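Chain and residue survey
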Amino acid sequence: MAPAKPGDAAFANVDHVNAELFTLTYGAMVRQLLTDFEDVEEVNKQLDTMGYNIGIRLIDDFLSKANVTRCSEFRETADVIAKIGFKMFLGVTATVSNWNADFTECSLVLDDNPLVDFVELPETCQGLYYCNVLCGVIRGALEMVSMRTEVKWARDMLRGDDAYELRLKLIEHVAEEYPYKDDD
Amino acid sequence: MRAGSREVAESCLDGITMEMVATYCDRLHSSKPDLAARRIEAIGFQVGQQLAERYTRDRPRFTDHLEVIKFICKDFWAEVFKKQIDNLKTNHRGVFVLQDTRFRWLTRISVDSPLTPSEANNTTLAAAQAGGKYLYFPCGLIRGALTNLGVPCAVSAEIAALPACSFIIRIKV
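Quick caveat: nothing in here was measured; it's all calculated off a predicted structure.

Here's the deal with the overall build of chain A
Across its full length, chain A carries five helices and five strands. Helices and strands in chain A line up, N terminus first, as α-β-α-α-α-β-β-α-β-β. Radius of gyration (C-alpha) of chain A: 17 Å, near the 16 Å computed for a compact globule of 184 residues. When its C-alpha atoms are laid out on the principal axes, chain A stretches across 50 × 45 × 40 Å. Evaluated residue by residue, chain A yields a buried proportion of 43% over its 184 residues.

In structure tokens form, the structure reads like this:
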């Protein structure tokens, strides 16, 4: 039986691990970073950088396995991230909403978030964007397909909000530079 | 849905572990490899403790050290790496060597192949250096799990030929 949604097919197409292992590993790493830096702003920055480095590699995995075609406009890109990207890697989907007038900025509201299972933030970590790695992943992945973006958390349930909402903003399409250099 | 039954793509976990190594070994402490190793090992230790707690929830208490080590080789390894440890050796005096002939986080590492026989030794060394930093985390995982199950120990790792490696457990008495 064919899966009903393209995201399901993409998720079925990759190898899986128990989410618990992933969630605990991520959590232990954030905790170690907090111990080492003692400054939540710096940890936010580190998580974003790590995400970026993961994103620039994950995009290849995505393009080779997700079976998607070129997005004709940014609106379509956001939909692909929400319905196929999130599903393929984290097994969850997001809802795209809140577009601005010229369709360069939107919100991705996560329907569920495996990163935060078992997580509670103590008082001392109030400024932390625990899931900041996701911002970096999206930014890194989109940069590899010629889009410069800004990705930030708008709402975060660990900080007392009622949802996990990412704000995704297209800054510019970057023209690919020809000719490619063969060496270096 | 119980949290434990959920799954994510393997590339997510691989991405995090690779980037954790890059962050600590290359960006934060590139001039202090020992410090980077300790930090990553500490992360593994924490995760190992938590996983051991979860994976043993529904089983009877272990009766001796060997039983705990066997649990690490089979059930624990299978949960984390989707295969079992291939070979277990012991000197019967508190040292156990766990060999994984195809350790997942070493399977995608490559080093230049040797041009001459004299270079072959260097290649082995290069392989050990390139792969070694990916073993701090699993060393911590093992030590965390064993400590949680009442077996205080020290854990180190060796790479002979990629992607095989051995974890050496020394039980503290």
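A closer look at the overall build of chain B
The number of helices and strands found in chain B is five helices and five strands. In chain B, the order of α-helices and β-strands from amino to carboxyl end is β-α-α-α-β-β-α-α-β-β. Compactness check: chain B gives a C-alpha radius of gyration of 17 Å against a globular reference of 16 Å for 173 residues, within 12% of the reference. Along the three orthogonal principal directions, the C-alpha set of chain B runs to about 55 × 40 × 30 Å. Relative to its full complement of 173 residues, chain B shows a buried share of 39%.

Topic: the interface of chain B and chain A
Each partner contributes to the interface: chain B provides 27 residues, whereas chain A provides 30 residues. Elements with a minimum of two residues in the side of chain B that touches chain A: strand E1 (7-9), helix H1 (10-28), helix H2 (33-55) and helix H3 (65-81) of chain B. In terms of residue count, the dominant contributor to the side of chain B that touches chain A is H1 of chain B (eleven residues). Within the side of chain B that touches chain A, the residues separate by chemical class into 13 nonpolar, seven polar and seven charged. Where strand E1 (residues 16-18) of chain A and E1 of chain B come together, three bridges link them in antiparallel fashion. Within E1 of chain B, the position partnered with Val17 of chain A by the bridge is Val8 of chain B.

Describing the sheet that holds strand E4 (residues 147-155) of chain A
Residues and elements named next belong to chain A. Strand order across the open sheet formed by four strands is E2-E3-E5-E4, with antiparallel pairing between neighbours. Of all strands in the sheet, those with a lone pairing partner are strand E2 (94-97) and E4, marking the two edges. Within this sheet the neighbouring strands show an average axis-to-axis angle of 25°, counted without direction. Across the face of the sheet, helix H4 (residues 74-90) comes into contact with E2, strand E3 (105-110) and strand E5 (165-173) while running at roughly 165° to E2. Relative to E4, helix H5 (residues 132-144) is tilted by about 160°, and along the sheet it contacts E4 and E5.

Focus: the nonpolar core
Among the nonpolar cores identified, the biggest contains 100 residues, and Ile138 of chain A together with Ile72, Ile142, Ala145, Leu146 and Ile169 of chain B are the most heavily contacted of them. Among all residues touching Leu146 of chain B, those that are not within four sequence positions of it are Val68, Ile72, Val151, Cys153 and Ile169 of chain B.

As for H5 of chain A
Residues and elements named next belong to chain A. Taking 1.5 Å per residue, 13 residues should reach 18 Å; H5 reaches 19 Å between its end C-alpha atoms and fits that length. Of all the 13 residues making up H5, eleven are buried; the element is thus mostly covered by neighbouring parts of the structure. Residues of H5 that are buried include every one of Asn132, Val133, Leu134, Cys135, Gly136, Val137, Ile138, Arg139, Gly140, Ala141 and Leu142, and no others. A positive phi of about 70° marks Ser146, the residue just after H5.

Digging into the sheet that holds strand E4 (residues 153-159) of chain B
All names here are of chain B. Strand order in the open sheet made by the four strands is E2-E3-E5-E4, with antiparallel pairing throughout. In this open sheet, the two edge strands, each paired with only one partner strand, are strand E2 (87-90) and E4. For this sheet the average axis-to-axis angle between neighbouring strands, irrespective of direction, equals 20°. In this structure, E2 lies alongside strand E3 (residues 95-100), joined through four bridges in antiparallel fashion.

Remarks on the packing of helix H2 (residues 19-37) of chain A against H1 of chain B
Put simply, H2 of chain A and H1 of chain B touch, their axes get as near as 9 Å, and they point 25° apart. Here H2 of chain A lies roughly parallel to H1 of chain B, going by the angle between them. Where H2 of chain A crosses over H1 of chain B, the two elements pack in a sense that is left-handed. Here Leu21, Phe22, Thr25, Tyr26 and Met29 of chain A of H2 of chain A come into contact with H1 of chain B, specifically with Cys12, Leu13, Ile16, Thr17 and Met20 of chain B. Split by residue class, the contact of H2 of chain A with H1 of chain B holds eight nonpolar, two polar and no charged.

With respect to the pairing of strand E5 (residues 165-171) of chain B
All names here are of chain B. Note that E3 and E5 share six bridges and pair antiparallel. Counted as the bridge partner of Leu98 is Phe167 from E5. In this sheet, E5 lies alongside E4 in antiparallel orientation, the contact comprising seven bridges. Bridge pairing links Val155 to Ile169 in E5.

Description of unusual backbone geometry
Backbone torsion omega between Leu162 of chain B and Pro163 of chain B reads -5°, so that peptide bond is classified as cis. Inspection of the secondary structure assignment puts Pro163 of chain B in the loop between E4 and E5. Positive phi, close to 55°, is recorded for Phe103 of chain A, a residue that is not glycine. Counting through the fold element by element, Phe103 of chain A comes out in the loop between E2 and E3. The phi angle at Phe118 of chain A is positive, at roughly 70°, despite the residue not being glycine. Relative to the helices and strands, Phe118 of chain A is located in the loop between E3 and H5. Overall, Phe118 of chain A belongs to the exposed group, with 10 C-beta atoms counted inside 10 Å.

Calculation notes
Residues numbered from 1 in each chain as written. Chains lettered and ligands numbered in written order. Predicted model: local features only at pLDDT ≥ 70, side-chain atom pairs only at ≥ 80, totals over all residues. Helix = DSSP H or I, 4+ residues; strand = E, 2+ residues; numbered from the N terminus. Rg over C-alpha atoms; globule rule 2.2 N^0.38 Å. Buried ≥ 20, exposed ≤ 12 C-beta atoms within 10 Å, placed from the backbone. Contact = placed C-beta atoms within 7 Å. Nonpolar A, V, L, I, M, F, W, Y, C, P; charged D, E, K, R; others polar. Pairing = 2+ DSSP bridges. Axes fitted to C-alpha atoms, helices over the stretch in contact; angles between N-to-C directions. Core = buried A, V, L, I, M, F, W, Y, C linked by C-beta atoms within 7 Å. Expected span 1.5 Å × (residues − 1). Parallel < 35°, antiparallel > 145°, perpendicular 65-115°, else oblique. Left-handed = near helix turned anticlockwise from the far one by under 90°.

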